[in-house]
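Examination of the molecular architecture
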Amino acid sequence: MEDKNISRYGSIFPIIIIVICLLSLLKVAKSEVYTVGDEDEWNSETDYASWSQKYNFSLGDVLEFKYTKGQHNALEVTEATYRSCDTSSGVIAKYESGDDRVELNESKKYWFVCDVDGHCLGGMRFGIDVKAVNTSITNLGPTPSPPANSANNYAFERWSLSLYLFASGILLNMFC
């Protein structure tokens, strides 16, 4: 009876291991979620030009604007509107929920401002250059630091490698 169970599962086990190995070997680009301003969030007290230079933004990444609804907003604008802080024209998208998520789904320069009186001119604005995955941005400034959740990415890569090595060992024992 026990031998039948082993042979039944033994025939599918190598397939499962191979699928796991293939999945762990694939280099699938993982999108990152960036809270604008990090722990300071979206407010009039943060230097967003410096904040935006800390990261490399890629296609599929998400910007999360967190703020008190009614006190701020977030507008995606043209470069001219960004530079002038005059939002009478050049507004591409407007976000006002207090917890807005903007997916960076194009390789281009993005420009964001707060439209509340005086906030844009006071520094609540930034621009980023989004590149295709696996390329870096052209921001001039300090060396970018990894996002806060990069430790999770490292742990995932270590776990994947460990799983791959474990599965390889099992396959070698089964077929050699």
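Anyway, here's the lowdown on the structure attached to this text. Note that the structure is predicted; figures quoted are calculated from it, not measured. (Residues numbered from 1 in each chain as written. Predicted model: local features only at pLDDT ≥ 70, side-chain atom pairs only at ≥ 80, totals over all residues. Heavy atoms only, no water.)

Brief notes about the nonpolar core
- Membership of the largest hydrophobic core comes to 20 residues, with the highest contact counts inside it found for Trp42, Phe57, Leu63, Phe65 and Phe126.
- Of all elements in the fold, only helix H2 (48–53), strand E2 (62–66), strand E6 (109–113) and strand E7 (125–129) reach the threshold of two or more residues within this core.
- When near neighbours in sequence (up to four residues on either side) are disregarded, Phe126 contacts Val36, Trp42, Tyr48, Ala49, Trp51, Ser52, Leu63, Phe65, Tyr82, Tyr110, Trp111 and Phe112.
- In this structure, Val77, Cys85, Trp111 and Cys120 belong to the second largest nonpolar core, which totals seven residues. (Core = buried A, V, L, I, M, F, W, Y, C linked by side-chain atoms within 4.5 Å. Buried < 20%, exposed > 50% of the residue type's maximum accessible area, 1.4 Å probe, protein only. Helix = DSSP H or I, 4+ residues; strand = E, 2+ residues; numbered from the N terminus. Contact = heavy atoms within 4.5 Å.)

Re the sheet that holds strand E3 (residues 74–77)
- One open sheet holds the four strands; their spatial order is E4-E3-E6-E7, and the pairing between them is antiparallel. Taken across any chain shown, the strands that pair with only one partner, and hence form the sheet edges, are strand E4 (91–95) and E7. Neighbour-to-neighbour, the strand axes of the sheet open up by a mean angle of 20 degrees, direction not taken into account.
- For E3 and E4, the ladder comprises four bridges, and the chain directions are antiparallel. Bridged to Ala74 within E4 is Tyr95. (Pairing = 2+ DSSP bridges. Axes fitted to C-alpha atoms, helices over the stretch in contact; angles between N-to-C directions.)

Structural notes on the packing of aromatic side chains
- What the rule picks out here adds up to 15 aromatic pairs.
- Taking 5.9 Å as the distance between ring centres and 45 degrees as the angle between the ring planes, the aromatic pair formed by Trp51 and Phe57 counts as tilted.
- Here Phe57 falls in the buried class, since its relative accessible area comes to 0%.
- Where Tyr110 meets Phe112, the ring centres are 6.2 Å apart and the plane angle is 0 degrees; that geometry is what we call stacked.
- Looking at Phe112, the relative accessible area reads 0%, which means it is buried.
- Clustering of aromatic rings is evident, with ring pairs tying together Tyr34, Trp42, Tyr48, Trp51, Tyr55, Phe57, Phe65, Tyr110, Phe112 and Phe126. (Phe/Tyr/Trp six-rings, centres within 6.5 Å; stacked < 30°, edge-to-face > 60°.)

So, the state of the cysteines
- Inspection of the entire model under this criterion finds one disulfide.
- At a sulfur-sulfur separation of 1.9 Å, the disulfide partner of Cys85 is Cys120. Disulfide Cys85-Cys120: torsion about the S-S bond near -70 degrees, hence left-handed. Taken together, the residues Cys85 in the loop between helix H3 (79–84) and E4 and Cys120 in the loop between E6 and E7 connect sequence positions 35 residues apart. (Disulfide = S-S within 2.5 Å.)

Regarding the sheet that holds strand E5 (residues 99–103)
- Strand order in the open sheet formed by three strands is E1-E2-E5, and the pairing between neighbours is mixed. Both edges of this open sheet fall to strand E1 (33–35) and E5, since each of them pairs with a single strand only. Here the average twist between neighbouring strands, direction ignored, is 20 degrees.

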